[in-house]
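What the coordinates show
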Amino acid sequence: MSPPDPPGIGEVDSGLADENARLRAELAELRRTRERETRDLSQAQSLLQAIAEHAPIVIYAKDTGGHFILSNQRHAALLDRSPFEVLGKREQDLIAPEAAAEIDAGTEVAIHERRIVTSEVTIPLRDGEHTFWESVFPLIDRDGHCYGLGGIATDVSERKRMEFEQRRTRDALLQREKMAALGGLVAGVAHEINTPLGVALTAVTHGQQIVKRLADEVERGTLTRGELRRALADMHDSCALTVHNLRRGAHLITSFKKVAVDQSSEAVRRVVLCEWLQDVVASLRPMLRAARVEHEIRCAPGPTLELAVGALTQVVTNLVQNACVHAFAPEQHERRLLLGARVVGDSLQLECADNGRGIAREHVSRVFEPFFTTRRGEGGSGLGMHIVHNIVVERFGGRIELDPTHAGTRWTIELPLGTPAIRRVEE
């Protein structure tokens with residue numbers, strides 16, 4: 001069979017023309033694709049630029065030498081310059097050397113370790129010091145080479161100022177509550193001491209009258225053995241009554257002195273747990289008596305603790321005051337309050353429970369909120385339980401819980417031992 005004839009010149013030209021047409025079509029499609037990609041890239045760049053320029057946060061980028069290659073409006077405005085004036089500059093050209101060195105140190109870590117570095121930095125600027133929460137991160141190209149550093153920072157100066165003001169206000173309120181509690185304690189103890197001192201004064205006055213009568217009868221020579229016996233018996237009773245009431249007053253003053261010093265001091269003091277609790281409750285008896293509340297203390301003998309007595313005395317005082325003001329309905333006659341303290345394992349547990357009307361379910365979640373009270377204008381400041389919560393959690397690192405199943409209100413507090421605020425003393 002003979003081979004086929006080779007294609008003619010016309011057929012070759014036709015094939016080349018078709019191939020050229022196909023290649024031209026592909027080239028045109030590639031050109032359109034490239035134009036779309038260029039347009040999309042330009043739009044993306046414009047979008048990113050618009051976001052960076054109008055973002056309320058600081059956005060910048062540097063090359064590996066620390067020169068700025070990007071500065072948004074917020075960044076440049078804080079430096080009191082235009083973005084173009086920032087480009088090409090380094091940190092030390094724009095801010096104080098100490099602040100620049102601190103920022104450059106974070107920059108070096110981010111570039112060399114190729115990781116995000118987050119820190120809080122304070123920078124003195126023309127309008128005062130600004131605090132920033134800053135994240136810096138390395139910029140990596142397609143080949144895995146680091147060609148610079150990006151940074152995003154949020155100005156938290158106003159938030160820091162507000163936090164400082166809140167802390168100062170809270171400390172002032174806490175101090176005011178302490179002084180108010182101490183003032184109430186002084187008034188209550190002064191009233192309480194009046195009773196034994198009044199009885200002692202009456203007994204001593206009666207004794208003076210007996211002595212005067214004896215002296216008169218001796219002077220007249222009319223004193224009989226029977227009169228002398230009766231006078232001595234009366235003097236014995238008068239002296240016993242005087243001594244008993246003076247001792248009672250002295251005990252009240254001693255308890256008051258301990259509690260008053262504790263409430264006005266942040267010192268850690270060595271105490272026997274039960275004796276401390278009894279002294280605190282003794283100083284609060286005028287408040288309990290005025291509210292017609294019977295109280296019970298449950299505390300096993302020992303142990304000895306090194307304790308931030310001022311803070312914990314404030315906790316007990318506020319719990320008792322809260323019960324006296326809020327716990328009981330006006331018509332309730334039987335009013336009881338239980339105060340307990342014990343060491344269990346590695347924690348000190350305190351309990352304060354009453355048989356009052358309890359806390360409404362809708363108020364349970366708000367009991368620790370500052371200024372929340374259901375007795376506005378009737379003795380409730382709305383700060384008592386907020387202060388208790390802050391002391392328990394922040395000062396002692398403990399927790400306080402409300403028992404919703406208890407008839408009335410029951411607070412349980414657990415404080416870890418072995419902290420600077422509370423330690424067990426080895427006997």
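Residues numbered from 1 in each chain as written. Predicted model: local features only at pLDDT ≥ 70, side-chain atom pairs only at ≥ 80, totals over all residues. Heavy atoms only, no water.

Operational definition: UniProt positions are given in the numbering used here, feature names are shortened, and annotations may be inferred rather than shown by experiment.
With an unreviewed UniProt entry as reference, the protein chain is termed histidine kinase, source organism Nannocystis radixulma. Regarding the protein chain, the UniProt comment filed under Catalytic activity (unreviewed entry) reads as follows: "ATP + protein L-histidine = ADP + protein N-phospho-L-histidine."

**Here we look at a nonpolar patch on the surface**
Note the threshold: Each patch is built from residues lacking any salt bridge and having more than 30% relative accessible area; the joining distance is 9 Å for like charges and 5 Å for nonpolar side chains (Val, Leu, Ile, Met, Phe, Trp, Tyr). Methods summary: accessible areas were calculated by the Shrake-Rupley approach with a probe of 1.4 Å, and residue burial reflects only the protein chains presented. Throughout this description, the term salt bridge denotes a Lys or Arg side-chain nitrogen within 4 Å of a carboxyl oxygen of Asp or Glu. Numbering of helices and strands runs from the N terminus, with a helix taken as a DSSP run of H or I at least four residues long and a strand as a DSSP run of E at least two residues long. Here the term buried applies to any residue with accessible area under 20% of the maximum for its type, exposed to any over 50%, and partly exposed to those in between, with areas from a 1.4 Å probe on protein chains only.
Residues Val 218, Leu 223, Leu 228 and Leu 232 make up a contiguous nonpolar surface patch of roughly 330 Å² in combined accessible area. Tracing the backbone shows Leu 232 in helix α7 (residues 225–263). Classification of Leu 232 as exposed rests on a relative accessible area of 52%.

**Focus: the packing of helix α8 (residues 273–290) against helix α9 (residues 309–327)**
Cut-off, in case you're wondering: The convention used is that axes are lines fitted to C-alpha atoms, helices contributing only their stretch in contact, and that angles between N-to-C directions extend from 0 to 180 degrees. In this scheme the crossing of two helices becomes right-handed for a clockwise turn of the near helix relative to the far one and left-handed for an anticlockwise turn of less than a right angle. Only heavy atoms enter the contact rule, under which two residues are in contact if any of them lie within 4.5 Å. Any residue that is not Ala, Val, Leu, Ile, Met, Phe, Trp, Tyr, Cys, Pro, Asp, Glu, Lys or Arg is counted as polar, Gly included; the first ten are nonpolar and the last four charged.
Closest axis-to-axis distance for the α8/α9 pair is 10 Å, and the angle between their directions is 35 degrees. Crossing hand, α8 versus α9: right-handed. Contacts between α8 and α9 involve Trp 276, Leu 277, Val 280, Leu 284, Met 287 and Leu 288 from the former and Val 309, Leu 312, Thr 313, Val 316, Thr 317, Val 320, Gln 321 and Cys 324 from the latter. Residue classes in the contact of α8 with α9 are distributed as eleven nonpolar, three polar and no charged.

**Observations concerning the nonpolar core**
This is how the line gets drawn: In this text, buried Ala, Val, Leu, Ile, Met, Phe, Trp, Tyr and Cys residues form a nonpolar core when linked through side-chain atoms within 4.5 Å.
Trp 276, Leu 312, Leu 348 and Phe 396 are the most contacted members of the largest nonpolar core, which totals 44 residues. Within the residue set of this core, elements represented by two or more residues are α8, β8 (304–308), α9, β9 (336–344), β10 (347–354), α10 (384–395) and β12 (409–416). With ten residues, α9 is the single largest residue contributor to this core. Of all hydrophobic cores here, the second largest spans 23 residues; its members include Val 86, Ala 99, Ile 111 and Cys 146.

**A word on the packing of aromatic side chains**
Each aromatic ring pair is summarised here by two numbers: the centre-to-centre distance and the angle between the ring planes. The line we're drawing: Planes of paired rings set the category: under 30 degrees apart is stacked, over 60 is edge-to-face and the rest tilted, where pairs are Phe, Tyr or Trp rings (Trp by its six-membered ring) whose centres lie within 6.5 Å.
Counted according to the given criterion, the structure contains one aromatic pair. Where Tyr 60 meets Phe 68, the ring centres are 5.7 Å apart and the plane angle is 80 degrees; that geometry is what we call edge-to-face. When sorted by exposure, Tyr 60 lands in the same class as Phe 68, which is buried.

**Comments concerning the state of the cysteines**
Here, the word disulfide means a covalent bond between the sulfur atoms of two cysteines. Rules: Cysteine sulfur atoms that pair up within 2.5 Å are treated as a disulfide.
The tally for this structure, following the rule as stated, stands at one disulfide. The disulfide bridge from Cys 274 ends at Cys 299, spanning 2.1 Å between sulfur atoms. Between Cys 274 and Cys 299 the sulfur-sulfur dihedral comes to about -90 degrees; the bridge is accordingly left-handed. Of the two residues, Cys 274 sits in helix α8 while Cys 299 sits in the loop between β7 (294–298) and β8, which places them 25 residues apart along the sequence. Its sulfur unpaired, Cys 324 is 9.1 Å from the next cysteine sulfur, which belongs to Cys 352. Given the relative accessible area of 15%, Cys 324 is considered buried.

**Examining the side chain of Ser 347**
Its location among the elements puts Ser 347 in strand β10. Apart from residues lying up to four places away in sequence, Ser 347 is in contact with Arg 342, Glu 414, Leu 415, Pro 416 and Leu 417.

**Examining the environment of Cys 146**
Tracing the chain through its elements places Cys 146 in strand β5 (residues 146–155). The residues contacting Cys 146, other than those within four sequence positions of it, are Thr 64, Ile 111, Arg 114, Pro 138, Leu 139 and Ile 140.

**Describing the pattern of salt bridges**
Per the counting criterion, the structure on display carries 19 salt bridges. Its salt-bridge partner being Lys 160, residue Glu 120 comes within 3.3 Å of it at the nearest N-O pair. A residue pair is termed long-range when its members are at least 10 positions apart, and Glu 120 in strand β3 (residues 117–125) and Lys 160 in helix α6 (residues 157–220) qualify at 40 residues. Given a relative accessible area of 36%, Glu 120 falls into the partly exposed group. According to the relative accessible area criterion, Lys 160 is partly exposed, its value standing at 31%. Beyond isolated ion pairs, a larger network of salt bridges with shared partners links Arg 270, Glu 306 and Arg 423.

**Notes on unusual backbone geometry**
When glycine is set aside, most residues are seen to have a negative phi, and most peptide bonds are trans. Look at Arg 114: it is not a glycine, yet its phi comes out positive at around 50 degrees. Checked against the element boundaries, Arg 114 lands in the loop between α5 (97–113) and β3. The residue Arg 292 is not glycine, and still its phi comes out positive at about 60 degrees. Among the structural elements, Arg 292 can be located in the loop between α8 and β7. Residue classification places Arg 292 among the partly exposed positions, given a relative accessible area of 46%.

**Focus on the pairing of β10**
Rules: Two strands qualify as a pair provided that DSSP identifies no fewer than 2 bridges between them.
Among the eight residues of β10, six are classified as buried, and the element is accordingly described as predominantly covered. Summarising the sheet, β9 and β10 pair through eight bridges and their orientation is antiparallel. Bridge pairing links Ala 341 to Leu 350 in β10. In sequence, β9 turns back onto β10 through a hairpin of two residues, with Gly 345 there showing a positive phi of about 60 degrees.

**With respect to the confidence of the model for the protein chain**
Formally: Confidence per residue, as judged by the predictor, is encoded in pLDDT with a range of 0 to 100.
Summary statistics for the protein chain give a mean pLDDT of 80 and a share of 81% for residues scoring 70 or more. Confidence, read as mean pLDDT per element, is least for helix α1 (residues 9–54) in the protein chain (72) and greatest for β10 (93).

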